[in-house]
Amino acid sequence: MSSGFKVQGSKSTGASPSPDAIPHSPFPIRHYLGLYAALWRNSVIRELGFKANFLMWIVVEALWFALQLSFISVLYLHTESIGSWTKWQVVALVGTSHLIQQLFTAIFLTNLTALSEHIRTGKLDFMILLPVNTRFLVSFRQVDLGGFVNAIGALCVIGYSLHRLGHTPGVAQVVGFLLLILVGILIHYSLMLMLSATSFWTVRAQGIVWGYYNLFNIARLPDEAFRGPFKAVFTFALPMLLVSNVPVRLLVDKLASPLEILLLVALAAIIFAASELLWRSALKRYTSASS
Amino acid sequence: MEKYWHVLNIGLQNTMVYRLNFLFRATFGLIPLIAIISVWRAIYDGKPGGQIASYGLSEMISYYLVITIVDALTAVTEDDWQIASDIKDGNISQFLLKPMDYLTYRLCLFCSGRLVYAVVALVPTCAFIWLLRDNFILPPDAATAGGFAVSVALTALLQFLFSFTLALLAFWVLEVATFIFIAFAFEYLAGGHLFPLDLLPPALAGALDYTPFPYMLFFPVSIWLGRVTGDALWLGVLVQALWVVAAYALARLVWSRGIKKYSAVGG
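Bear in mind the structure is a predicted one, so any value in this text is a computation, not a measurement.

Below, the discussion takes up the overall build of chain B. Counting secondary structure elements, chain B contains 12 helices and zero strands. Going from N to C terminus, chain B has its helices and strands arranged as α-α-α-α-α-α-α-α-α-α-α-α. Rg of the C-alpha trace for chain B: 20 Å, near the compact-globule value of 18 Å for 267 residues, within the 12% margin. Across its three principal axes, chain B shows a C-alpha extent of roughly 70 × 40 × 35 Å.

Per the secondary structure count, chain A includes 14 helices and zero strands. Along the chain direction, N to C, the helices and strands of chain A fall in the order α-α-α-α-α-α-α-α-α-α-α-α-α-α. Sorting the 291 residues of chain A into buried and exposed places 32% on the buried side. Taking the intrachain contacts of chain A between residues at least 6 apart in sequence as the baseline, contacts between residues at least 24 apart amount to 78%.

Turning to the interface of chain B and chain A, a few remarks are in order. Each side of the interface is counted separately: chain B has 28 residues, and chain A has 29 residues. Broken down by secondary-structure element, the contributors of at least two residues to the side of chain B that touches chain A are helix H2 (19-28), helix H3 (30-45) and helix H9 (177-190) of chain B. If one sorts the elements of the side of chain B that touches chain A by residue count, H3(B) sits on top with eight residues. Residues that form the side of chain B that touches chain A fall into these classes: 20 nonpolar, five polar and three charged.

Now for the packing of helix H3 (residues 51-75) of chain A against helix H7 (residues 145-165) of chain A. Geometrically, a packed helix pair is captured by the angle between its two axes and the distance between the axes. Residue and element names in this part refer to chain A. For the pair H3 and H7, interaxial distance at closest approach is 9 Å and the crossing angle is 35 degrees. In the crossing of H3 with H7, the sense of the turn from one axis to the other is right-handed. Side by side, H3 and H7 meet where Phe54, Trp57, Ile58, Glu61, Ala62 and Phe65 of the first sit next to Gly146, Val149, Asn150 and Gly153 of the second. Its residues assigned to classes, the contact of H3 with H7 shows six nonpolar, three polar and one charged.

Under the 1.5 Å per step criterion, the end-to-end length of helix H7 (residues 102-131) of chain B is 43 Å for 30 residues, consistent within 8% with the ideal 44 Å. Bending of H7(B) peaks at approximately 45 degrees at the position of B:Leu122, with proline B:Pro124 no more than four residues after it.

Turning to the nonpolar core, a few remarks are in order. Grouped together as the largest cluster of nonpolar side chains are 127 residues, with contacts concentrated most on B:Val39, B:Val66, B:Leu158 and B:Val221. Of the residues forming this core, the biggest block, 15 residues, is contributed by helix H4 (residues 87-121) of chain A.

With that out of the way, let us pick up the confidence of the model for chain B. Scored by pLDDT, chain B has a mean of 90; 99% of the residues are at 70 or more. Looking over chain B, one finds the lowest element-wise mean pLDDT in H2(B), namely 82, and the highest in helix H11 (residues 218-224) of chain B, namely 96.

So, about the environment of B:Met60. All names here are of chain B. Within the element layout of this structure, Met60 appears in helix H4 (residues 57-74). Note on Met60: 24 C-beta atoms within 10 Å, which makes it buried. C-alpha of Met60 to C-alpha of Pro196: the two residues are 136 residues apart in sequence and 8.3 Å apart in space. Dropping the residues within four chain positions of it, Met60 is found in contact with Trp40, Ile52 and Tyr55.

Residue and element names in this part refer to chain B. Relative orientation of the contacting elements H4 and helix H8 (residues 142-167) amounts to 55 degrees, with a least axis distance of 9 Å. Classified by the angle their axes make, H4 and H8 are oblique. As H4 packs across H8, the resulting crossing turns out to be right-handed. Along its contact with H4, which presents Val70, Leu73 and Thr74, the element H8 presents Val152, Thr155, Ala156 and Gln159. Of the residues that constitute the contact of H4 with H8, the class distribution is four nonpolar, three polar and no charged.

Before going further, it helps to examine the confidence of the model for chain A. Here chain A averages 84 in pLDDT, and 87% of its residues register 70 or above. For chain A, helix H1 (residues 2-12) of chain A is the element with the lowest average pLDDT, namely 33, and helix H13 (residues 245-251) of chain A is the one with the highest, namely 95.

On the secondary structure map, B:Ile31 appears in helix H3. Residue contacts for B:Ile31: discarding those within four places in its chain leaves A:Asn214, A:Leu215 and A:Ile218.

Analysis parameters
- Residues numbered from 1 in each chain as written.
- Chains lettered and ligands numbered in written order.
- Predicted model: local features only at pLDDT ≥ 70, side-chain atom pairs only at ≥ 80, totals over all residues.
- Helix = DSSP H or I, 4+ residues; strand = E, 2+ residues; numbered from the N terminus.
- Rg over C-alpha atoms; globule rule 2.2 N^0.38 Å.
- Buried ≥ 20, exposed ≤ 12 C-beta atoms within 10 Å, placed from the backbone.
- Contact = placed C-beta atoms within 7 Å.
- Nonpolar A, V, L, I, M, F, W, Y, C, P; charged D, E, K, R; others polar.
- Axes fitted to C-alpha atoms, helices over the stretch in contact; angles between N-to-C directions.
- Left-handed = near helix turned anticlockwise from the far one by under 90°.
- Expected span 1.5 Å × (residues − 1).
- Bend = angle between axes of the 7 residues up to and from the residue.
- Core = buried A, V, L, I, M, F, W, Y, C linked by C-beta atoms within 7 Å.
- pLDDT = per-residue confidence, 0-100.
- Parallel < 35°, antiparallel > 145°, perpendicular 65-115°, else oblique.

This is the structure in structure tokens:
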């Protein structure tokens, strides 16, 4: 409890000058890291208030993950491969997709879905007034700790599938895999931010956000199952078929050509830039809620 | 009974507000459907015999399309959350005073919600089915179609009563969302949402027959595809009806227990 007051205190007595808190420092990364640490502390305290609920949500997520895995094992009762994807390669794929999804949920999801509510109620005024980058605050305000627990579960499944494949990836592969996971999270984050930002125009973007969450489901399926316009859209426009497929291909030596990695990274950069542009024009358009 | 017609009418008007939302939902919902059908196509491409657990490609594709139809007609989307929050916020107090039965009231709202959703979803779903018309199987004859209609009505009741009872947990616990999601996960697998239940190992599929889950989705779909016929069909409908009666009794029991426990918030 005492640490809770500390967080509260450090917020309200922000006037005390500290070297990290210079608002217009040319290199404010340390300042923002400090801020993020405070937001983390806040979230931990909040979660500890509802321990049983916190554990139950972890069970729910784990159960749905188990459901996806059981779907794969039932599919492979009746077939040896989907395209060239074998059973344990697909398990690694489902695990990777779950890893990305859970990390995204842990860091961003609650914050982005809350955005349309902040716009509707005018709470965003308050955030814009704070001497912090608004996008930072909107994106990172809360942390969903259960997501990290479930991410560990996903890592275990990936590890086990590699064991079943009898494949030990090299250091470069593992590092590349982890970096591509970050790229995948960045893609999901940017796309979701853009969708949430549409609520600057339509106010009610909940349906769209829900729809996007649906698209996550495609990411865990092997890319070779798809053809034609569907594959083109979900590779080049909304790269769902790249975000988890490419890292797994790198990890299990399935990469057709290094160009796939290049494409994923390039698309991530483009989508992130687009999200920043949209965000800026959306903020310009914002005229509070009341009056 | 006239008052419930009014409820139905109000429900229709209220849900009409969400028609655009429903259209989004129905259209976005097609994307995972396309995905799963593509995966099955890829699997059948690698199968020279073209049969998986007695399903041909067309039957498999139709299975998922009919699921979409049955889902549109019977799936509970918002009702359970609303019931739980009615209890949590104390809104049900007014129903204890009015000469209106809460279960029937919610059932009317559920029906009107499904009606509006089904009408809105009709356009994207039919367009999609038309695109896949070469692989779409219709019920073999009129009697089968009739059996399907009866079974879908029972499925809707079962779905509703299941969610209603689950939402009543709000009398005892503060946060019912996790319970609802856990139950939904079981139903998703055991009801046949993910894959036809006869793809499971026979022992497991046989065990599921003794639970209500297959009757919450898989059974009407099997009727449509002509996989359950003759006596088995009508026996199945009978079992399904018995499950509805059992679910109704359970819902009533839990409701009366909950009301005894209930103390209105605020006052």
